[in-house]
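So the chains spell out like this:
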Amino acid sequence: MIDINLIRETPELVRAGMRKRGMDSSPVDEAVRLDEQWRAALVEVETLKAERNKGSKEVGQTKDPAERQKKIDAMKAVGDQIAALEAKVREHEDALNAVMSVIPNIPQDRVPEGVRDEDNIEIRRWGEPPKFDFEPKTHWDLGPELGIIDFERGAKISGSRFYVLSGAGARLQRAIIAWFLDLHIRQGYTEHYTPFVVKEETVYGAGQLPKFRDNLYKDHEEDLYLLPTSEVSLTGLHMDEILEENQLPLYYTAYSPCFRREKMSAGRDVRGIKRGHQFDKVEMYKYCTPETSDEELEKMVNDAEETCKGLNLPYRVLLKCAGDTSEAAMVSYDIEIWGAGVNEWLEVSSISNVGDFQARRARIRYRPEGGGALRFPHTLNGSGLGMPRVFLSVIENNQRADGSVVIPEVLHPWMGGLTVIEKR
RNA sequence: GGAGGGAUGGCCGAGUGGACGAAGGCGGCUGCCUUGAAAGCAGCUGUGGGCUUACGCUCACCGGGGGUUCGAAUCCCUCUCCCUCCGCCA
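Since the structure is predicted, the reported quantities are computational estimates derived from the model, not experimental observations.

**Observations concerning unusual backbone geometry**
Move 1: Residue L248 is joined to P249 through a cis peptide bond whose omega torsion reads -5°.
Move 2: The residue P249 is located in the loop between β8 (242–244) and β9 (250–259) in this model.
Move 3: Located in the positive-phi region is D240, a residue other than glycine, with phi close to 65°.
Move 4: Looking at the secondary structure, you find D240 in the loop between α9 (230–236) and β8.
Move 5: Classification of D240 by relative accessible area gives partly exposed; the value is 47%.
Move 6: A positive phi angle, close to 60°, is found at N312, a residue other than glycine.
Move 7: By secondary structure assignment, the location of N312 is in the loop between α10 (293–310) and β11 (315–319).

Structure below.
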């Protein structure tokens, strides 16, 4: 949610932001109109309420029964007017909220124009895609051959886009998760383990609703949602709270599975483990003051890059163009790693400064140190990193001619002496 | 699943349908006192919205939602969460 004052004072700025994203800016006009109607109706109803409050107070002080009854009747009439008007106020208010909840955050000036992948700007690149003196295999060939990925049984028990990791494969993923978490802890993040099932309000607070309703798994009996990313629960952690400025910045990290219906991307990336309905992820999350969010974003990108470097995965960092930047974000970077078998760059992290967009929705505020009005903190989120693509890149990039896979050194402590995954 | 009890400001805790945005205490802030501090004394101390150039005015909020009433923290309904007991269960 953006600040309603931006709609009132600088609507053109908001319109320009939407156009930059390639969106139709008419919701802004509608918001302006609804806001005016809402406020007009509000003034009307509040004037009547003030009258009733005053009149009702007088009733209590009036001793004469006839006089008293006269006042009661008068206030009863005012009450009826209030009831009618209040319905109108709420109607306007609900309509305004509905429009406001689809208006995206305003992209920063440095965010490049454009709506396509090609409009993203490459900021830097690290490492070299590995060279092979044989034809490297894809993970959907390598995995089953090594007995570490089982697509058929995944589909059997859960349907398409599900798979099973077995033996050294399951262990390898767990090793990656553990190493990521420990790295982030060393970088100053506090580890959290959150529920993987959350209330609608929590999903809304993080800005995933109403937009991604079709992509979420929902328990209709209890009105609960399966986490699409732990960004949602980490935002919800401080929902409705007032923080103290001296607590900031807060650095959080969490491991969680993520569940997505991927309804919108039916037919895309159906092969392999690149895009599934369930995947594991280690997330980074920050709460900070508005003054520091830009530099905190750069630090978070660096923290994510460390994960790639440690695993020796070639990567590039992209500044996302406006149309590709998530609606909650003011600015986002993507990190893409190289997959030697699939022969493409794979998005493994999207690191965003969402400004006060989520804090406003989730009603998270902080008390400034010198006193004064409460403020909304800025929040940032980024994967560090998403499992399946890291996993596939690790096995594809480290494969050898005989079909075995060398395990990156940093993961050895969790592999129980295993340094190479071989056919058995 | 069954039976009870509870939810009030940063925290603790009182609350009779009109005096309650809410006693009292703690904490915090300011002033006096003091060489300084503590103690003591006095005052201040919630959030959000709307109107207004402004001083200011006003509305809402006592877990959430709805209702009764001229008027609700207070009465009724409902939901959520917490606690106690019984049952069941990984």
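**Some remarks on the domain arrangement of chain A**
Move 1: Along its sequence, chain A is organised into domain 1 (4–100) and domain 2 (117–421).
Move 2: Centre-to-centre separation of domain 1 and domain 2, based on C-alpha positions: 43 Å.

**Topic: the pairing of strand β15 (residues 378–386)**
Move 1: By the criterion of burial, β15 is predominantly enclosed, with nine of the nine residues buried.
Move 2: Two strands pair when backbone bridges link them, and strand β10 (residues 278–288) and β15 are joined in this way by seven bridges, in the antiparallel orientation. Residue pairing for β15: E283 is matched across the bridge by S383.
Move 3: As paired elements, strand β13 (residues 344–353) and β15 share two bridges and run antiparallel to each other. Across the sheet, N353 pairs through a bridge with L380, a residue of β15.

**A closer look at the packing of aromatic side chains**
Move 1: Scanning the model with the defined rule gives nine aromatic pairs in all.
Move 2: Both rings, one in Y193 and one in F196, keep their centres 5.5 Å apart while their planes meet at 70°; by these two values the pair is edge-to-face.
Move 3: On the basis of relative accessibility, which here comes to 22%, the residue F196 falls in the partly exposed class.
Move 4: Each member of the aromatic cluster is reached from another via a ring pair, and the members are Y252, Y285 and Y287.
Move 5: Over the face of the ring belonging to Y204 we find R361, whose NZ or CZ atom lies 4.5 Å from the ring centre.

**As for the nonpolar core**
Move 1: Ranked by size, the top nonpolar core spans 55 residues in total, and within it L172, F180, V390 and F391 carry the most contacts.
Move 2: Top element by residues in this core is helix α7 (residues 168–186). It accounts for nine residues.
Move 3: If near-sequence neighbours (up to four positions away) are discounted, F180 is found in contact with V282, T307, L311, G384, L385, M387 and V390.
Move 4: In this structure, I7, L34, L48 and L96 belong to the second largest nonpolar core, which totals 26 residues.

**Quick word on the protein's contact with RNA strand B**
Move 1: Residues in contact with RNA strand B amount to 20 residues; listed here are only the nearest, R8, E46, S56, R68 and R90.
Move 2: Sugar and phosphate atoms represent 72% of those atoms of RNA strand B found within 4 Å of the protein.
Move 3: Note that a phosphate oxygen of RNA strand B is positioned 3.0 Å from one of the side-chain N or O atoms of N53.
Move 4: A distance of 3.4 Å separates a sugar or linking oxygen of RNA strand B from a polar side-chain atom of R365.
Move 5: Elements supplying a minimum of two residues to the surface near RNA strand B: α3 (26–61) and α4 (65–100).
Move 6: For the surface near RNA strand B, the leading source of residues is α3, giving twelve residues.
Move 7: Among the residues making up the surface near RNA strand B, the classes are represented as eight nonpolar, three polar and nine charged.

**Some points on α4**
Move 1: Here α4 spans 51 Å end to end across 36 residues, near enough to the 52 Å set by a 1.5 Å rise per residue.
Move 2: Residues of α4 that are buried: M75, V78, G79, I82, L85, V89, H92, L96, V99 and M100.
Move 3: Those residues of α4 that are buried lie in contact with α1 (4–9) and α3.

**Details of the sheet that holds strand β6 (residues 218–219)**
Backbone hydrogen bonds are what pair the strands of a sheet, in a parallel or an antiparallel way.
Move 1: Taken together, three strands build an open sheet; the order of strands is β5-β7-β6 and the sheet is antiparallel. The two strands at the open ends of the sheet, each matched to only one other strand, are β5 (197–199) and β6.
Move 2: In this structure, β5 lies alongside strand β7 (residues 224–226), joined through three bridges in antiparallel fashion. Residue K199 lies in a different strand from β7, and its bridge partner there is L224.

**Here we look at the sheet that holds strand β12 (residues 331–339)**
Move 1: Spatially, eight strands are ordered β1-β11-β12-β13-β15-β10-β9-β4 in an open sheet, and the strand pairing comes out mixed. Each having just a single partner strand, β1 (121–126) and β4 (190–192) make up the two edges of the open sheet. In this sheet, neighbouring strand axes are inclined to one another by 25° on average, regardless of whether the strands run parallel or antiparallel.
Move 2: Across five bridges, the pairing between β11 and β12 is antiparallel. When the sheet's bridge partners are listed, L319 is paired in β12 with Y333.
Move 3: Sheet strands in contact with α7 are β4, β9, β10 and β15, and its direction is about 5° off that of β10.
Move 4: Across the sheet, α10 lies against β1, β9, β10, β11, β12, β13 and β15, angled at about 10° from β15, the strand it touches most.

The rules behind these values
Residues numbered from 1 in each chain as written. Chains lettered and ligands numbered in written order. Predicted model: local features only at pLDDT ≥ 70, side-chain atom pairs only at ≥ 80, totals over all residues. Heavy atoms only, no water. Helix = DSSP H or I, 4+ residues; strand = E, 2+ residues; numbered from the N terminus. Buried < 20%, exposed > 50% of the residue type's maximum accessible area, 1.4 Å probe, protein only. Domains from an automatic or database assignment. Pairing = 2+ DSSP bridges. Phe/Tyr/Trp six-rings, centres within 6.5 Å; stacked < 30°, edge-to-face > 60°. Lys NZ or Arg CZ within 6 Å of the ring centre and 35° of its normal. Core = buried A, V, L, I, M, F, W, Y, C linked by side-chain atoms within 4.5 Å. Contact = heavy atoms within 4.5 Å. Near = heavy atom within 4 Å. Polar contact = N/O pair within 3.5 Å; in protein donor to acceptor, adjacent residues only side chain to side chain. Nonpolar A, V, L, I, M, F, W, Y, C, P; charged D, E, K, R; others polar. Expected span 1.5 Å × (residues − 1). Axes fitted to C-alpha atoms, helices over the stretch in contact; angles between N-to-C directions.

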